[in-house]
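Remarks on the overall topology
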Amino acid sequence: MKYEYWFASIHGLGRKKKIWIRQHITSAKELYNIEEKGWNSFAYLNEKDLESIREHRAKWDLDREYEKLQRKQIHFLPWFHDRYPKKLLEIADMPYAIYLKGNLPTQQTFSAAIVGARNCTPYGSGYATRFAGFLAMQNIPIISGLARGIDGYVHRGALQAGGKTFAVLGCGVDICYPREHLGLYMDILENEGGILSEQIPGTPPLAAYFPQRNRIISGLSDVVLVMEAKEKSGALITADLALEQGKDVYALPGGVDSLSSRGCNRLIHQGAGILLSPEEFCENMKISNVAYAKLSNRNEIALEKPEKLVYNRLDFVPRNIGELAALTEIPVWKLTSILISLELKGLIREISKNQYVRAT
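Presented here is an overview of the structure given in this document. (Residues numbered from 1 in each chain as written. Predicted model: local features only at pLDDT ≥ 70, side-chain atom pairs only at ≥ 80, totals over all residues. Heavy atoms only, no water.)

**With respect to the sheet that holds strand S5 (residues 165-168)**
Hydrogen bonds between backbone atoms are what pair the strands of a sheet, whose relative direction is either parallel or antiparallel. For clarity, the threshold we go by: In short, DSSP must find at least two bridges between two strands for them to pair. Under the DSSP-based scheme used, a helix requires at least four consecutive residues in state H or I and a strand at least two consecutive residues in state E, with every element numbered from the N terminus.
Ordered by their spatial adjacency, nine strands build an open sheet running S1-S2-S6-S5-S4-S3-S7-S8-S9, and the pairing between neighbours is mixed. In this open sheet, the two edge strands, each paired with only one partner strand, are strand S1 (75-78) and strand S9 (273-274). Inspection of the sheet shows S1 paired to strand S2 (residues 97-102) by four bridges, in the antiparallel sense. Across the sheet, the residue bridging to phenylalanine 76 is tyrosine 99, located in S2.

Right, dumping it as structure tokens:
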């Protein structure tokens, strides 16, 4: 595969030309070893293309570069590899190759992408966490982009629910961007999720790469949920790409005077599905809620009345102890012992100081 990796990493050659070339040769090794007169058979390539290939061949150390890839535990999956995601083969502008750390979403499983604004509101982040957590409990792989804002809440919500989540990056998979999501990056991998990109390892997070990665987010998914988006938003690019790929798009409605929800409201006006609750969404998509029902029934039996009151006020959106005291009208001193009891039973988790969510 070291020759295939060399060919995939040629910068000056476009994705379509790479696919065309690879379809007309037996292996990239054949191209690497081609003599000068052999270039005449590639009429599709201009002199600039040929120069990019020659230059890359001259400076690329085959063994060293492929060894670096393996040392970083990065899987290289060109489009003809048997592990290349089948859903990406169905989109018009499929990536030439996917670089992967960790795992891929199960090929035959229904999967959902959840995207939204970087500068999100508590309303958007709360529902992003709730939808991601609920869908993850149905064993649905959750796909997003690891960006600040909604993406981060989506990945964290899926993990809190004990599910698997997958991040598509606009840089190399060996670079965590943004840096403050390093803990989340590691948690995704430790919980059998995956980090994917079409950019070769070491590629920095350049602005041009992020719109490109959106087609992979939608391509890996069967449905795209937009949780919050302004009128001009990268999340709307993902929604448009999903529609071009024949995928369903749903959007979270917001206030008519909310700038953060104008993009979502516009999508709904144009015919996107409306996200009112994760339960209703699953019903519309004919997704079974068995896992959630079993969990709810188990908790109903196990809890005393005060514990049930507190538990029912929690979901996958974090609430602090002050909010819970106001919602339940239970004094803080008494509420503290109830929360400890629920945590010892494994029903809730304290994710940060005095911030609680449900646990699977």
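**Remarks on the packing of aromatic side chains**
What counts is decided by this rule: Each aromatic pair joins two rings of Phe, Tyr and Trp (for Trp, the six-membered one) with centres within 6.5 Å, and gets the label stacked for planes under 30 degrees apart, edge-to-face for over 60, and tilted for any other angle. Partly exposed residues are those whose accessible area sits between 20% and 50% of the maximum for their type, while under 20% is buried and over 50% is exposed, using a 1.4 Å probe and protein chains only.
Taken as a whole and assessed by the stated rule, the structure comprises 15 aromatic pairs. The interplanar angle of 70° and the centroid separation of 5.3 Å between the aromatic rings of tyrosine 3 and tyrosine 32 together place this pair among those described as edge-to-face. Here tyrosine 3 is found in helix H1 (residues 2-8), whereas its partner tyrosine 32 is found in helix H3 (residues 28-32), with 29 residues between them in sequence. Exposure class is identical for tyrosine 3 and tyrosine 32. Each is buried. Three or more aromatic residues joined by ring pairs make a cluster, and in this case those are Tyr3, Trp6, Phe7, Tyr32 and Tyr96.

**So, the pairing of S5**
The following threshold applies: Convention used here: a crossover is right-handed provided that the path from the first strand, over the helix, to the second strand proceeds clockwise when the strands point away from the viewer.
Residues Thr165 and Ala167 point to one face of S5 and Phe166 and Val168 to the other, with burial holding for every one of them. Relative to S5, strand S4 (residues 142-144) is paired through three bridges, and the arrangement is parallel. The partner of isoleucine 142 across the bridge, within S5, is threonine 165. Taken together, S4, helix H8 (residues 150-160) and S5 constitute a β-α-β crossover, and its handedness is right-handed. The pairing of S5 with strand S6 (residues 194-197) spans three bridges and is parallel. Bridging across to S6, alanine 167 finds its partner in isoleucine 195. Handedness of the S5-helix H9 (residues 182-190)-S6 crossover: right-handed.

**Side note on the side chain of threonine 238**
Let me state the cut-off plainly: Residues count as neighbours in contact if any of their non-hydrogen atoms are within 4.5 Å of one another.
Inspection of the secondary structure assignment puts threonine 238 in helix H11 (residues 234-244). In contact with threonine 238, other than residues within four places in its own chain, are Val115, Asn214, Ile217, Ser218 and Val224.

**Quick notes on the packing of H8 against H9**
Basically, it comes down to this: Interaxial angles span 0 to 180 degrees and are taken between N-to-C directions of axes, which are lines fitted to C-alpha atoms, for helices over the stretch in contact. Any angle from 65 to 115 degrees is called roughly perpendicular, while one under 35 is roughly parallel, one over 145 is roughly antiparallel, and all others are oblique. Should the near helix be turned anticlockwise from the far one by less than a right angle, the crossing is termed left-handed; should it be turned clockwise, right-handed.
Where H8 meets H9, the axes come as close as 11 Å, and the angle between the chain directions of the two elements is 40°. Between H8 and H9, the angle falls in the class oblique. Handedness of the H8/H9 crossing: left-handed. Contact residues: Gly152, His155, Arg156 and Leu159 in H8; Gly183, Leu184, Asp187 and Ile188 in H9.

**With respect to the layout of surface pockets**
Just so we agree on the cut-off: In this analysis the probe radius is 1.4 Å and the grid spacing 1 Å, with only protein atoms considered; a cavity is a set of points the probe fits into but cannot get out of, a pocket is an open set with protein on both sides within 12 Å along at least five of seven lines, and lining residues have an atom within 4 Å of a point. Grid points are joined across faces, edges and corners, and a volume is the space filled by probe spheres set on the points. Polar here means any residue other than Ala, Val, Leu, Ile, Met, Phe, Trp, Tyr, Cys and Pro, which are nonpolar, and Asp, Glu, Lys and Arg, which are charged; Gly is therefore polar.
The computed volume of the largest pocket comes to approximately 440 Å³. Forming the walls of the largest pocket are 18 residues, and the residues nearest its centre are Ala8, Leu13, Lys18, Glu198 and Gln199. For the lining of the largest pocket, the secondary-structure elements that each account for two or more residues are helix H2 (15-23), S2 and helix H10 (209-219). Here the lining of the largest pocket gets three residues from one element, more than from any other, and that element is H10. Residues of the lining of the largest pocket, tallied by class, amount to eight nonpolar, six polar and four charged. Lining the second largest pocket we find 20 residues, and of these Gly116, Arg118, Ser233, Gly234 and Ala235 sit closest to its centre. At the level of elements, H10 and H11 are the ones that each hand at least two residues to the lining of the second largest pocket. The element best represented in the lining of the second largest pocket is H10, accounting for five residues. When its residues are assigned to classes, the lining of the second largest pocket shows eight nonpolar, six polar and six charged.

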